[in-house]
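# Inside the fold
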Amino acid sequence: MANLVHPGVQPPGQAATARPFLKWAGGKSQLLAQLQAHFPPDLASGKINRYVEPFVGSGAVFLRIVQEHAIDQVLLSDLNPELILLYRTIQQNVEGVVAALERLQSSYLELDEPGRQAFYYRLRSQYNTGRGRSNFERYSTGWVARTTQALFLNRTGYNGLFRVNRRGEYNVPFGRYKNPRLLDPANLRAVAHLLQGVRLEYGDFAQGEHFVDRHTFVYFDPPYRPVSRTANFTHYAREVFGDAQQLRLASFYRALDLKGARLMLSNSDPQDINPTDDFFQQAYNGFRIERLRASRNINSNPERRGPISELLILNY
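Residues numbered from 1 in each chain as written. Predicted model: local features only at pLDDT ≥ 70, side-chain atom pairs only at ≥ 80, totals over all residues. Heavy atoms only, no water.

### Observations regarding the packing of helix α4 (residues 81-109) against helix α5 (residues 113-130)
Defined as follows: Angles here are taken between N-to-C directions and fall from 0 to 180 degrees, while the axes themselves are lines fitted to C-alpha atoms, restricted in helices to the stretch in contact. Strands are runs of DSSP state E lasting at least two residues, helices are runs of H or I lasting at least four, and both sets are numbered from the N terminus onward. Put simply, angles under 35 degrees are roughly parallel, angles over 145 are roughly antiparallel, angles from 65 to 115 are roughly perpendicular, and the rest are oblique. Left-handed describes a crossing whose near helix is turned anticlockwise from the far helix by less than a right angle; the clockwise case is right-handed. Two residues form a contact once any of their heavy atoms are found within 4.5 Å. Only Asp, Glu, Lys and Arg are considered charged in this grouping, and only Ala, Val, Leu, Ile, Met, Phe, Trp, Tyr, Cys and Pro are considered nonpolar; every other residue, Gly among them, is considered polar.
Between α4 and α5, the least distance of the axes is 15 Å, while the angle of their chain directions is 150 degrees. The orientation of α4 with respect to α5, classified from their angle, is roughly antiparallel. In terms of crossing hand, the pair formed by α4 and α5 is right-handed. Across the interface between the two elements, E82, L104, S107, Y108 and L109 of α4 pack against R116, F119, L123 and Y127 of α5. A class-by-class count of the residues in the contact of α4 with α5 yields 6 nonpolar, 1 polar and 2 charged.

Given below as structure tokens:
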């Protein structure tokens, strides 16, 4: 990858302007202030010039870092090919996405609720049918249509979930929002600007190991280990991210630690439910573990939405 000065970096101390363009279960927008307080000191001093995020999700941490720090090289990846397609399309043709989403928004907002519901399920069906015909590696005009559909479903589906079943089909029900904000052209353009020069890869979290050196900050935000049977968020991609994968990630974390990189990892705190569950203490033995306060925004039982702990695992 060429050694690029990232075009989106702002002078230190200047407020970030670009925000995540996706609603995302487990997104880090609400935790950014707490996370930022734990960023490695070498980030502010300029000793870190690379950033890697293997589970990019909504990209909230990426957007904050590249707008406030002098990062030269960025690698973002994810195991969900649809998500990487979204980022690549916005990176390469944001104006096409804006124009297509404007047309979709105009057609949708003029409908009553039954009409909107029918519109939603018809477009969801088109989105799922089109998956098998999509080339996720080579850019085409079809990327714009698919990205537009995905953004529409994300903004109008229930609770802002981006969830697929094991067949890779988007299966989120209609959201019944009265005035959904389907389009923010200025923000999409700001995100597209920040994505210029960024490497975007589809695949397993370990594939970026070659990119990591002692001048790299890596932030891991994997699918969280469920703290109860009703709080399972491991299916944002077709593959299940169970305990075996969590332990494999812990092993990879140790490998990157040996390379001298600065590492931060978020996950659920099982001791919120079971004080004797020391899964992460064992998996990350020898590393620093902090607890952050978060809100459970997505739960089938409203009474279980509220403050919880999340773990932050650091090697510095």
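Additional details are given in the paragraphs that follow.
### A closer look at the sheet that holds strand β2 (residues 73-78)
Selection criterion: When DSSP finds at least two bridges between two strands, those strands are taken to pair.
Read from one edge to the other, the open sheet built from 7 strands follows the order β3-β2-β1-β4-β5-β7-β6, with strand pairing classed as mixed. Edge positions in the sheet fall to β3 (199-202) and β6 (288-295), since each has one partner strand and no second. Between one strand axis and the next, the sheet turns through 20 degrees on average, direction left out of account. In the sheet, strand β5 (residues 262-268) pairs with strand β7 (residues 307-314) via 5 bridges, with the strands oriented antiparallel. Residue pairing across strands places M264 opposite L314, the latter belonging to β7. Of the strands in this sheet, β2 and β3 touch α4, which is tilted by about 155 degrees from β3.

### Observations regarding the confidence of the model for the protein
Keep this limit in mind: Values of pLDDT, which run from 0 to 100, indicate the predictor's confidence residue by residue.
For the protein, mean pLDDT is 88; residues scoring 70 or higher make up 88% of the total. Confidence over residues 1-5 falls short of pLDDT 50; this stretch has 14 contacts with residues more than four positions distant or in other chains. pLDDT under 50 marks residues 8-14. Its contacts with residues more than four places away, or in other chains, come to 15 contacts.

### A closer look at α5
For clarity, the cut-off: Residue count minus one, scaled by 1.5 Å, sets the expected span of a helix. Note on classification: 1.4 Å probe, protein chains only; a residue is buried when its accessible area is under 20% of the maximum for its type, exposed when over 50%, partly exposed between these limits. Note that the arc is defined by the directions from the helix axis to the C-beta atoms. The term polar contact refers here to a pair of N or O atoms within 3.5 Å; inside protein, the definition further demands a hydrogen-donor-capable atom paired with an acceptor-capable atom, and it admits residues adjacent in sequence only when both atoms are side-chain atoms.
In this model, α5 (18 residues) spans 25 Å end to end at C-alpha, consistent with the 26 Å of a helix rising 1.5 Å per residue. The complete set of buried residues in α5 reads R116, F119, Y120, L123, R124, Y127, N128 and G130. Angularly, the buried residues of α5 cover 160 degrees about the axis, an arc narrow enough to put them on a single face. Structurally, α5 contributes buried residues whose contacts are with α4 and α6 (142-156). N-cap assignment for α5: the residue whose side-chain oxygen lies 2.9 Å from the backbone N of G115 is D112.

### Points about unusual backbone geometry
With phi around 60 degrees, R176 is a residue other than glycine that occupies positive phi space. Tracing the chain through its elements places R176 in the loop between α6 and α7 (185-195). Judged by relative accessible area, which is 49%, R176 ranks as partly exposed.

### So, the pairing of β5
Within β5, 6 of the 7 residues are buried, which leaves it mostly tucked inside the rest of the structure. As paired strands, strand β4 (residues 216-220) and β5 are joined by 4 bridges and run parallel to one another. Within β5, the residue paired with F217 across the bridge is R262.

### A look at the packing of aromatic side chains
The criterion, for reference: In this scheme Phe, Tyr and Trp rings, the latter by its six-membered ring, pair at centre separations within 6.5 Å, and the angle between planes marks the pair as stacked below 30 degrees, edge-to-face above 60, and tilted otherwise. Two conditions define a charge located above a ring, namely a distance within 6 Å from the ring centre to NZ of Lys or CZ of Arg, and an angle within 35 degrees of the ring normal.
Going through the model one piece at a time under the given rule, you end up with 22 aromatic pairs. Considering the side-chain rings of Y108 and F119, the 5.6 Å spacing of their centres and the 65 degrees angle between planes classify their relative orientation as edge-to-face. You can see Y108 sitting in helix α4 and its partner F119 sitting in helix α5, a full 11 residues away along the chain. Measuring from ring centre to ring centre gives 6.3 Å for F205 and F241, while their planes differ by 65 degrees; the resulting arrangement is edge-to-face. Residue F205 is located in the loop between β3 and β4, and its partner F241 is located in the loop between β4 and α8 (243-258); the two are separated by 36 residues in the primary sequence. The exposure class assigned to F205 is buried, which follows from its relative accessible area of 5%. You can call F241 buried: its relative accessible area is 7%. Of the aromatic side chains, those joined through ring pairs into one cluster are F55, F205, F220, F241, F252, Y253, Y284 and F287. Here R146 stacks its cationic end above the ring of Y127, 4.0 Å away from the centre of that ring. Over the ring of F279 we find R225, and its NZ or CZ is 4.0 Å from the ring centre.

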